[in-house]
Number of protein chains: 2
Amino acid sequence: MLHLALRPCIISLVVQDSIQILQTQGYRVTKPRRQVLEVLKEAKEPVSPYDIQRLLRQQGKYLNHVTIYRILDLFCRLNLAHKVLSNGGFVKCTLGSKEGCHRFMVCRCCGVLREFVDEELCKKESKSAVNLGFHTEYHLSESSGLCSDCYRKRFGE
Amino acid sequence: MLHLALRPCIISLVVQDSIQILQTQGYRVTKPRRQVLEVLKEAKEPVSPYDIQRLLRQQGKYLNHVTIYRILDLFCRLNLAHKVLSNGGFVKCTLGSKEGCHRFMVCRCCGVLREFVDEELCKKESKSAVNLGFHTEYHLSESSGLCSDCYRKRFGE
DNA sequence: GAGCTAATTGCAACAATGTTGCATTTAGCA
DNA sequence: TGCTAAATGCAACATTGTTGCAATTAGCTC
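Calculation notes
- Residues numbered from 1 in each chain as written.
- Chains lettered and ligands numbered in written order.
- Predicted model: local features only at pLDDT ≥ 70, side-chain atom pairs only at ≥ 80, totals over all residues.
- Heavy atoms only, no water.
- Helix = DSSP H or I, 4+ residues; strand = E, 2+ residues; numbered from the N terminus.
- Contact = heavy atoms within 4.5 Å.
- Areas by Shrake-Rupley, 256 points an atom, 1.4 Å probe, with all protein chains shown as cover.
- Near = heavy atom within 4 Å.
- Polar contact = N/O pair within 3.5 Å; in protein donor to acceptor, adjacent residues only side chain to side chain.
- Nonpolar A, V, L, I, M, F, W, Y, C, P; charged D, E, K, R; others polar.
- Axes fitted to C-alpha atoms, helices over the stretch in contact; angles between N-to-C directions.
- Parallel < 35°, antiparallel > 145°, perpendicular 65-115°, else oblique.
- Least-squares fit on C-alpha atoms with pLDDT ≥ 70 in both.
- Buried area = accessible area lost by both parts, 1.4 Å probe.
- Salt bridge = Lys/Arg side-chain N within 4 Å of Asp/Glu carboxyl O.
- Pairing = 2+ DSSP bridges.
- Patch = residues over 30% accessible without salt bridge, like charges linked within 9 Å, V, L, I, M, F, W, Y side chains within 5 Å.
- Lys, Arg positive; Asp, Glu negative; His and termini not counted.
- Charge placed at Lys NZ, Arg CZ, Asp CG, Glu CD.

Visitor: Explain the overall build of chain A to me, and be specific about the residues and the numbers.
Guide: A tally of regular secondary structure across chain A gives six helices and five strands. When the helices and strands of chain A are read in sequence order from the N terminus, they spell out α-α-α-α-β-β-β-β-α-β-α. Long-range pairs, those at least 24 residues apart, make up 46% of the contacts in chain A between residues at least 6 apart in sequence. Carbon and sulfur atoms form 52% of the exposed surface of chain A, whose accessible area is close to 9,300 Å².

Here you go:
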């Protein structure tokens, strides 16, 4: 109950956090940037730049696609968002400045995405690479499978 | 010495392997498919469909880009090649039917790519995901860093 | 609150990448 | 050699991403 009541606050705090990061880094807080943040906040799945444009248009708002590309570039540089390579979409970052590479799990059924960090995995992966003569700087890791809901629907409890 | 002498044979065997796989799976061995295999064999870095078209054109050969897309689709389905998402290019698979997901290390300096398998990593990553309620079916893992040559050039021995 | 200025956005035009349907060609067979 | 399904080429189009420059605006000063 409390949980449900709190949720909107928690979520909008995330947007507020992003706005503060923009400000402290010397970037302006503009209407287009707010709008893209809102869309990313609401999205359950990765959204492409043109998806974002469509979603905004449905709300009677218009952004040029070039603007959206540039905003997403900025957000990715500041780690406020990530590009999901397996589908070309973007998601807001849910981990903040947590150390280690940010890994994704994407449900192939409903498309929902979960982000996580696992320092031990990073270390092991780097070690594996060193054995092949490669010196890792960062990982990119995306897994595909079924989220708990979709798994339950198919295979029962 | 022997090592050097053998190399060409080993490499062309890889193309020969791919051709046999095509045949045994009931696909035809056509000139365009051979040509794409050759390009992938020679390429040290991932190549895009249009890269392949350009490279062939330099040899006086012409393939329609649609044909190249379809051939690469087929090769990926048969695991004769992989798409490298971090740069959109394709590479020939160097691991054959080895079990486990195929991981890449890409040198950010010279672009060279190394493919490897690490079953233990796969297991750990899947376990990590299960803890978040996700049931993994396959991983996609690409790391960026420096290969041994480029590392040496920058940081000495 | 008005005015200033660099940062940001919009616009236009273009480049690159990827897809579809259908006519033509060809590999692999009898 | 001829046949036929598989594969390729072609044309047209859809989507995605980029560049340079003019117009707008956020955030500052006064």
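After that view of the structure, there is still more to cover.
Visitor: How would you sum up the protein's contact with DNA strand C? Please name residues and give values.
Guide: Close contacts around DNA strand C come from 22 residues, with Thr30(A), Thr67(A), Arg70(A), Val29(B) and Tyr69(B) the closest. Between a phosphate oxygen of DNA strand C and a side-chain N or O atom of Thr30(A), the distance comes to 2.5 Å. The contact in question runs from a phosphate oxygen of DNA strand C to an N or O atom on the side chain of Lys83(B), over 3.5 Å. Mapped by element, the contributors of at least two residues to the surface near DNA strand C are α2 (31-42) and α4 (65-77) of chain A together with α3 (49-58) and α4 (65-77) of chain B.

Visitor: Run through the protein's contact with DNA strand D, naming residues and quoting values.
Guide: Taken together, 22 residues are adjacent to DNA strand D, and Val29(A), Tyr69(A), Thr30(B), Thr67(B) and Arg70(B) come closest. Counting only atoms of DNA strand D within 4 Å of the protein, the sugar-phosphate share comes to 59%. At 3.0 Å, a side-chain N or O of His65(A) approaches a base oxygen of DNA strand D. Between a base oxygen of DNA strand D and a side-chain N or O atom of Arg70(B), the distance comes to 2.8 Å. Every element with two or more residues in the surface near DNA strand D is listed here: α3 (49-58) and α4 of chain A together with α2 (31-42) and α4 of chain B. Classifying every residue of the surface near DNA strand D by side-chain character gives eleven nonpolar, five polar and six charged.

Visitor: Explain the packing of α2(B) against α4(B) to me, using residue names and the numbers behind them.
Guide: The packing of two helices is summarised by the inter-axis angle and the distance between the axes. Residue and element names in this part refer to chain B. Where α2 contacts α4, the two axes come as close as 10 Å, and the packing angle between them is 70°. One way to sum up the angle between α2 and α4 is to call them roughly perpendicular. Residue-level inspection shows Pro32, Arg33, Val36, Leu37 and Leu40 of α2 in contact with α4, the latter providing Thr67, Ile71, Leu72, Leu74 and Phe75. Residues that form the contact of α2 with α4 fall into these classes: eight nonpolar, one polar and one charged.

Visitor: Could you give an account of the relation of the copies chain A and chain B, naming the residues involved and the relevant values?
Guide: The two copies are related by a screw motion: chain A maps onto chain B through a turn of 180° and a shift of 0.0 Å along the axis, at an RMSD of 0.0 Å. The superposition operator between the copies reduces to a two-fold rotation axis. Among all residues of chain A, the one whose C-alpha sits closest to the rotation axis is Ser141(A), at a distance of 2.3 Å. Mapped onto chain B, 100% of the interface residues of chain A again fall at the interface, so both copies present the same surface.

Visitor: Now, about the interface of chain A and chain B: what can you tell me, with residues and values included?
Guide: Counting residues at the interface gives 35 residues for chain A and 35 residues for chain B. Summing both sides of the interface, chain A and chain B together bury roughly 3,100 Å²; the carbon and sulfur share of this comes to 59%. If you look at where chain A meets chain B, you find four salt bridges. Two residues, Glu137(A) and Arg108(B), come together in a salt bridge whose shortest N-O distance is 2.5 Å.

Visitor: Can you explain the sheet that holds strand β4 (residues 113-116) of chain B? Please cite residues and give values.
Guide: Strand order across the open sheet formed by six strands is β4(A)-β3(A)-β5(A)-β5(B)-β3(B)-β4(B), with mixed pairing between neighbours. Edge positions in the open sheet fall to β4 (113-116) of chain A together with β4 of chain B, since each of these has one partner strand only. Adjacent strand axes in the sheet meet at a mean angle of 20° when their direction is disregarded. As judged from the four bridges shared by strand β3 (residues 103-107) of chain A and β4(A), these two strands associate in the antiparallel manner. Looking at β4(A), one finds that Val106(A) is bridged to Leu113(A). Running over the sheet, helix α5 (residues 119-130) of chain A touches β3 and β5 (135-146) of chain A together with β3 (103-107), β4 and β5 (135-146) of chain B and is turned about 120° from β5(A). In the packing of helix α5 (residues 119-130) of chain B onto the sheet, the strands contacted are β3, β4 and β5 of chain A together with β3 and β5 of chain B, and the crossing angle to β5(B) comes to about 120°.

Visitor: Tell me about a positive patch on the surface, and name the residues and values.
Guide: On the surface, Lys124(A), Lys127(A), Lys124(B) and Lys127(B) cluster together to form a positively charged patch. Those elements that place two or more of their residues in the positive patch are α5 of chain A together with α5 of chain B. Along the chain, the position of Lys124(B) falls in helix α5.

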